[in-house]
Amino acid sequence: MTGPRSQDERDALTVEIVFALVTAGLLAAVLYVAVASPALFGDLGRAQETVWQGAAVAVAAVGFAVRLVRALWLFSRQRR
C-alpha cells in the first residue's frame, strides 16, 4: 500500500461494494424465479417442487457469488 486512503477513495470503495451487493442480489432473485418458475407457477408434485426450488437456490447462490466477486475484482483492477 502507498499509505492511508483518502476520503474519496474510501467513498468510491463503499459505493462499489454496495453496487456489487445490490446487483448480485437482483441477479440472484432473477435466477431464482427463472429456475423455480415451474415449481412456483406449475402444478407439480411435492417432490418435484422441492427439487426445482433446491436447484433454484443453488443457481441463485452461485450467481450471487460470481457477480459479487466479478464486480469487486473489476473495480480493483481499474484502480491499478
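Everything discussed here concerns the structure shown above.
Note that the structure is a prediction, hence the values are computed from the model and not measured.

The rules behind the values
Residues numbered from 1 in each chain as written. Predicted model: local features only at pLDDT ≥ 70, side-chain atom pairs only at ≥ 80, totals over all residues. Heavy atoms only, no water. Helix = DSSP H or I, 4+ residues; strand = E, 2+ residues; numbered from the N terminus. Buried < 20%, exposed > 50% of the residue type's maximum accessible area, 1.4 Å probe, protein only. Contact = heavy atoms within 4.5 Å. Expected span 1.5 Å × (residues − 1). Bend = angle between axes of the 7 residues up to and from the residue.

Peer 1: Is there a simple way to explain the overall build of the protein chain in this structure?
Peer 2: A tally of regular secondary structure across the protein chain gives 2 helices and 0 strands. Projected onto its principal axes, the C-alpha coordinates of the protein chain cover approximately 60 × 15 × 15 Å. Taken over 80 residues, the protein chain has a buried fraction of 18%. Long-range contacts, defined here as pairs at least 24 residues apart, represent 67% of the contacts in the protein chain between residues at least 6 apart.

Peer 1: Quick question: what am I supposed to make of helix α1 (residues 7–41) here?
Peer 2: Structurally, the α-helix is built with 3.6 residues per turn, so residues lying three or four positions apart point the same way. Look at α1: 48 Å from first C-alpha to last across 35 residues, which is about the 51 Å you get at 1.5 Å a residue. Along its length, α1 shows its largest kink, about 55 degrees, at valine 35, and proline proline 38 lies within four residues downstream of that point. Within α1, burial applies to Glu16, Ala20, Thr23, Ala24, Ala28, Val35, Ala36 and Ala39. Of the surrounding elements, those touching the buried residues of α1 are α2 (46–79).

Peer 1: Please clarify how α2 should be interpreted in this entry.
Peer 2: Here α2 is 34 residues long and its end C-alpha atoms lie 50 Å apart, about the 50 Å a rise of 1.5 Å per residue gives. When α2 is considered as a whole, its buried residues turn out to be Ala56, Ala60, Gly63, Leu68, Ala71 and Phe75. Contacts made by the buried residues of α2 are with α1.

Peer 1: Whenever I open this one, the environment of alanine 20 confuses me. Can you help?
Peer 2: On the secondary structure map, alanine 20 appears in helix α1. For alanine 20, a relative accessible area of 0% corresponds to the buried category. Each C-alpha atom, one on alanine 20 and one on phenylalanine 64, is 9.4 Å from the other, the two residues being 44 residues apart in sequence. In contact with alanine 20, not counting residues within four places along its chain, are Leu68, Ala71 and Leu72.

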